[in-house]
Every structure is written in structure tokens, then in C-alpha cells.
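Structural description and commentary
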Amino acid sequence: SGQTVDGRFLGAGRLDGGREVEIPIAGRAGVADRDVSAVVVNVTAIKPSDRGFLTVHPCAERPVASSLNYTQGLVVANEVVAPLSASGSICIFTLSEADIAVDVVGYVSASPGAGAVAPARFFDSREPDRGGTFDGQFQGGGRLAAGSVTEVQISGRGEVPDDGVAAVVVNTTLIRPSDRNFMTLFPSGNRPTASSLNAPRPGAVVANEVIVTLSGTGSLCVYTRVESDLALDVVGYLLD
């Protein structure tokens, strides 16, 4: 059904639900073996046994964040900027049993121009018993109203510096909209004519990774066309 670039980590079988796998990245197939802070990976969940999600993280304590959301029996992919562990690997957790494929498409050097952070939930409209945010802010406010714009502070929270951040890398999850929907992430001011994420049907759970410019105060705004819940997981940032 497929191959890996170097024949390693191939054909180990489906990953059981509630478990994770560690995958060495640094030093393989063109990725530098040192001074790499993160990799850009396209992660694919293949025919999972039930609804669920994947979390890609740097093999420390697993964060309350999703990198990809999937539905039973489908093949779903999302691009992720994933920080590496000290040994140059990533870990992938799956809620439900699934086959998984990981395609590396780039890496971020350990330079002052960009920073990769362990995935952290910065916004969740649902009640905290569904996971909540890492610092208790911007959580549990209820479903976003149709046609509304919600502002979320990013700079100065968690591992994101409070000054000099131009943009952030955000995994955005639209949760059970009332109808077909799209969301737009933007810094502030006039909303652009663009979509950051699209939901094909009511009740869907859909995620997409977005690089979004921050406002002068370090916040971002989210527009939703119809009523929906929303979660935002920050995975990296770009300096001015």
C-alpha cells in the first residue's frame, strides 16, 4: 500500500486507539540531523475505526490539542508544524484505532526567525470538561453566533512571546456547525473575502492549519458564517 523513504517504520500495523507512536525525523531523507526545531508534516489518518483525532507533539506530556480530526472509515489528512523532541522525533497519539501515514515536506531551523511550540489550546468555546484551554482563558463561552467575529489574544500566553510576533501557526477546528459553514481568521479590521476552513455539512468536525497575521495587540479574529463551536490550537509563531 505504500513505502517509507528509507524502509524504516513501515508495516507495523494499525495503531490501537488510545496509544501513540514515536517517529524519529531528524537526520532522515534530507532533514538536517541537528539544529532543527520543528518539521512540517502532512499527517493522514486512514480508515479509523471510529470518530476521533490525532495529536502530534514532541514526545513530552501529551497536550490537550488536536492536529487532525477524523470520521470512521474515511481517509483524512492535515498539514502540521510539529516541534521535535530533544532526540529529533515526534509522537502521534490517536484516539481511535487507525492506520497512519506521515509525509515530511519541510523543516524549521533553530533560528530566531521562527518558533515551534508544543501544541496548546488557546480557545475552546465548549465547556472546560471537554478539555479547555491550557491557561483557563478563552474557554466555555458557548457556541459562536452566526455572522459573529470573535477576538482571541495570542501573544503573551504560553510559549508565545508577548512582543515581536508577526503571525502564528494555528490548527483551527470547526465543531458541529448548524449548517454548511466557513470560517475566516484575520488580524483585525475589515474581514477579508477569504475562507480559512470549510465545513461541507451540518454537524461535521473539520480542521485546517492556518498561518494568520496578528493584530497590533497580538490577537486574532475569527469570523463564522453560521453558529458553531470552535477550538484553536497554536503550534508555532513567526517573528517580525
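Predicted model, so just to flag it, every value in this text is computed and none were measured.

Moving on to the side chain of Arg126. Relative to the elements of secondary structure, Arg126 occurs in the loop between strand S8 (114–124) and strand S9 (148–153). Dropping the residues within four chain positions of it, Arg126 is found in contact with Arg121, Gln139, Gly140, Ile175 and Asp229.

Glancing now at the sheet that holds strand S10 (residues 165–175). Across the sheet, which stays open at both edges, the four strands sit in the order S8-S15-S10-S13 with antiparallel pairing between neighbours. The two strands at the open ends of the sheet, each matched to only one other strand, are S8 and strand S13 (205–213). Averaged over all adjacent pairs, the angle separating strand axes in this sheet is 20°, with direction ignored. The pairing of S10 with strand S15 (residues 229–239) spans ten bridges and is classified as antiparallel. Of the residues in S15, the one forming a bridge with Leu174 is Leu230.

What follows covers the pattern of salt bridges. One pass over the structure, following the stated rule, counts eleven salt bridges. Taking the shortest distance from any N to any O, the salt bridge between Arg19 and Asp16 comes out at 3.6 Å. The structure contains a network of salt bridges with shared partners spanning Arg121, Asp124, Arg126 and Asp233.

What follows is about the nonpolar core. Judged by nonpolar contacts, the single largest core of 27 residues is most densely connected at Ile154, Val168, Leu220, Leu232 and Val234. Every element with two or more residues in this core is listed here: S8, S10, strand S11 (181–186), strand S12 (197–199), S13, strand S14 (219–224) and S15. Aside from chain neighbours lying at most four places away, what touches Ile154 is Phe122, Val160, Val168, Leu214, Gly218, Ser219, Leu220 and Val234. Of all hydrophobic cores here, the second largest spans 17 residues; its members include Val31, Val41, Ile90 and Ile92.

Notably, Asp35 is not glycine yet its phi reads approximately 55°, a positive angle. Tracing the backbone shows Asp35 in the loop between strand S1 (19–24) and strand S2 (36–46). A relative accessible area of 58% places Asp35 in the exposed class.

Taken together, the side chains of Arg51, Arg130, Arg176 and Arg201 make up a positively charged region of the molecular surface. The topology assignment puts Arg201 in the loop between S12 and S13.

The next subject is the sheet that holds S12. One open sheet accounts for four strands, arranged S9-S14-S11-S12; its pairing is antiparallel. What marks the edges here is a single partner per strand, and that holds for S9 and S12. Averaged over all pairs of adjacent strands, the angle between their axes in this sheet comes to 20°, without regard to strand direction. Bridge count for S11 against S12 is three bridges, and the pairing is antiparallel. Within S12, the position partnered with Met183 by the bridge is Leu197.

The rules we used
- Residues numbered from 1 in each chain as written.
- Predicted model: local features only at pLDDT ≥ 70, side-chain atom pairs only at ≥ 80, totals over all residues.
- Heavy atoms only, no water.
- Helix = DSSP H or I, 4+ residues; strand = E, 2+ residues; numbered from the N terminus.
- Contact = heavy atoms within 4.5 Å.
- Pairing = 2+ DSSP bridges.
- Axes fitted to C-alpha atoms, helices over the stretch in contact; angles between N-to-C directions.
- Salt bridge = Lys/Arg side-chain N within 4 Å of Asp/Glu carboxyl O.
- Core = buried A, V, L, I, M, F, W, Y, C linked by side-chain atoms within 4.5 Å.
- Buried < 20%, exposed > 50% of the residue type's maximum accessible area, 1.4 Å probe, protein only.
- Patch = residues over 30% accessible without salt bridge, like charges linked within 9 Å, V, L, I, M, F, W, Y side chains within 5 Å.
- Areas by Shrake-Rupley, 256 points an atom, 1.4 Å probe, with all protein chains shown as cover.
- Lys, Arg positive; Asp, Glu negative; His and termini not counted.
- Charge placed at Lys NZ, Arg CZ, Asp CG, Glu CD.

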